[in-house]
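The lines below spell out each chain.
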Amino acid sequence: MYKYCCLMLARHKAFIASNGLDSICGRIYISAQGINCQGGGLREHTEAYVAWVAAQPEFSGLFHTLWPTAGPAFPKLRLKCKPNLISLAGGMAAIPCTDPAMRATPLQPQQWREKLDAADAVNAAVAAGAEVPGKRVVVMDLRNDYEWDAGHFDWAPRPDEEVFAGHFDWAPRPDEEVFAETPGVGEDSVPTPLKGTDPENTEVMMYCTGGIRCDVYSALLRQKGFKNLYTLHGGIQHYLKEEGSEHWQGSLFVFDGRMAINPALDGKLQEGEGLPAAVPCSMCGEAPAALPHVNCANINCNELFIACNACKTKFHGCCCEACQSAPRLLRPIKINGGNYGAWGNYADRDSLSPVIATGRSHEGRVARRARRREAQQAKREEIMEQRKELRAAIKAAVRAAEEADAAQQATAEAAKQPAVA
């Protein structure tokens, strides 16, 4: 099968070269399960390549979307054979994702919106205690937590971890901080959002950026016995293009130079107005966050974070106060977000050697990020606790005022009653 994929790869490269489609850049991965493409180029080049791929018998019925951009969104072309369509710890050999009967029922954007309309009523009733918890519709975001911060659907909880592998506590997370799913190791292991649910009756709605992760993941859930599975055909980008922002909060994170898009707001933003995020600033927790995300200016950290412009300026482009004193803090502040270039671009050769010699600490990037996530989570919990206490204090004050009014009215009513001899 790998040899066949290599032959297919050669055909793709030959078509691009022979037709002069040299503007095409991006990531195009071919595997035994299909093709996963995120790319771009001149419109005529892109349309020609997509039409050729769709005409190949191996890719009949291929779904794709085309988006206009102001300029190149990818630095180069990476056209490769991959053993798996998406990165999975343990591989995909045991996952029947190419069998349509094992995948979830795909919903067109309009159907997805209508199902979310129904979920609104049911989940609100469950939250109010008017319905039993077993009726709750589970909406699952199969992306990374920082993607959820940029935008998400109603009723979808924030993924627990920075990477997709940690989103579902099915097995120990791999050390590599990459998108890597870890399938469950036992019959009883299920993803966190589905713990305590009834596989026979619980409705599960899954979504991701383009739909590929959902097809793979739904086959895993089908193996776990879940019956009522639904995915968003074409992913979030298809929905925003067809249905607008109903039931959607914020914007869409994308893995290219744009970093965030929102087709539902095309032509509706004022000049200089940024794309909205779904969460407030991750640093102060109050001001609206400014998209797109930005990497921490501390090269040792490189954390992808979202913050308001005031905090990015205050912390000199770093994700926290500690990163401001890092020995390899060479990169400029990116108030408007975006990607950094190679870190050697930000210092001359004479200054690089001593900085390189400092190297990274022995703690390691994974440990540093875990420690930082814990600190950020603690800060979020502190802010939420403060808000909870404030709400409780307001409710108590309102109750006290109501009780005082009631007592005053009772006293007044008693004064009106005639005295009894």
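Residues numbered from 1 in each chain as written. Predicted model: local features only at pLDDT ≥ 70, side-chain atom pairs only at ≥ 80, totals over all residues. Heavy atoms only, no water.

### Regarding the sheet that holds strand S7 (residues 203-207)
Alright, step 1. The four strands are arranged S4-S8-S7-S5 in an open sheet whose pairing can be described as parallel. Taken across any chain shown, the strands that pair with only one partner, and hence form the sheet edges, are strand S4 (105-107) and strand S5 (138-141). Strand-to-strand twist in this sheet, taken as the mean axis angle between neighbours without regard to direction, amounts to 30°.
Alright, step 2. Of the strand pairs in this sheet, S5 and S7 are connected by four bridges, and their pairing is parallel. Counted as the bridge partner of Met140 is Met206 from S7.
Alright, step 3. Contacts between helix H3 (residues 109-127) and the sheet are confined to S4, S5, S7 and strand S8 (228-232), with S7 contributing the most and set at about 135° to the helix. (Pairing = 2+ DSSP bridges. Helix = DSSP H or I, 4+ residues; strand = E, 2+ residues; numbered from the N terminus. Axes fitted to C-alpha atoms, helices over the stretch in contact; angles between N-to-C directions. Contact = heavy atoms within 4.5 Å.)

### Side note on unusual backbone geometry
Both trends apply: most residues other than glycine have a negative phi, and most peptide bonds are in trans.
Alright, step 1. Leu291 connects to Pro292 through a cis peptide bond whose omega is 5°.
Alright, step 2. Examined against the element boundaries, Pro292 turns out to sit in strand S12 (residues 290-295).
Alright, step 3. Backbone geometry at Trp155 places phi at a positive 75°, although glycine is not the residue there.
Alright, step 4. Position of Trp155 relative to the elements: it lies in the loop between strand S6 (151-153) and helix H5 (164-167).

### Focus on the pairing of strand S1 (residues 25-31)
Alright, step 1. For S1, a buried count of six out of seven residues is recorded, marking the element as mostly surrounded by other parts of the structure.
Alright, step 2. Pairing between S1 and strand S2 (residues 34-40): seven bridges, direction antiparallel. Across the sheet, the residue bridging to Tyr29 is Asn36, located in S2.
Alright, step 3. Remark: two residues form the turn of the hairpin made by S1 and S2, two consecutive strands paired antiparallel. (Buried < 20%, exposed > 50% of the residue type's maximum accessible area, 1.4 Å probe, protein only.)

### Things to note about the sheet that holds S1
Alright, step 1. Spatial ordering of the open sheet is given by S2-S1-S3, a layout of three strands whose pairing is mixed. The open sheet has two edge strands, S2 and strand S3 (77-81), and neither has a second partner. Put simply, the sheet's adjacent strands are angled 5° from each other on average, direction ignored.

### Some words on the nonpolar core
Alright, step 1. Trp112, Phe153, Tyr207, Ile236 and Leu291 are the most contacted members of the largest nonpolar core, which totals 32 residues.
Alright, step 2. For this core, the elements supplying multiple residues, two or more each, are H3, helix H4 (145-150), S7, S8, helix H7 (235-243), strand S10 (252-253), strand S11 (260-261) and strand S13 (304-307).
Alright, step 3. Aside from chain neighbours lying at most four places away, what touches Ile236 is Arg143, Phe153, Tyr207, Cys208, Thr209, Trp248 and Leu252.
Alright, step 4. Among the nonpolar cores identified, the runner-up in size contains 22 residues, and Leu142, Val190, Leu194 and Leu229 belong to it. (Core = buried A, V, L, I, M, F, W, Y, C linked by side-chain atoms within 4.5 Å.)

Read these as geometric descriptors, not functional statements.
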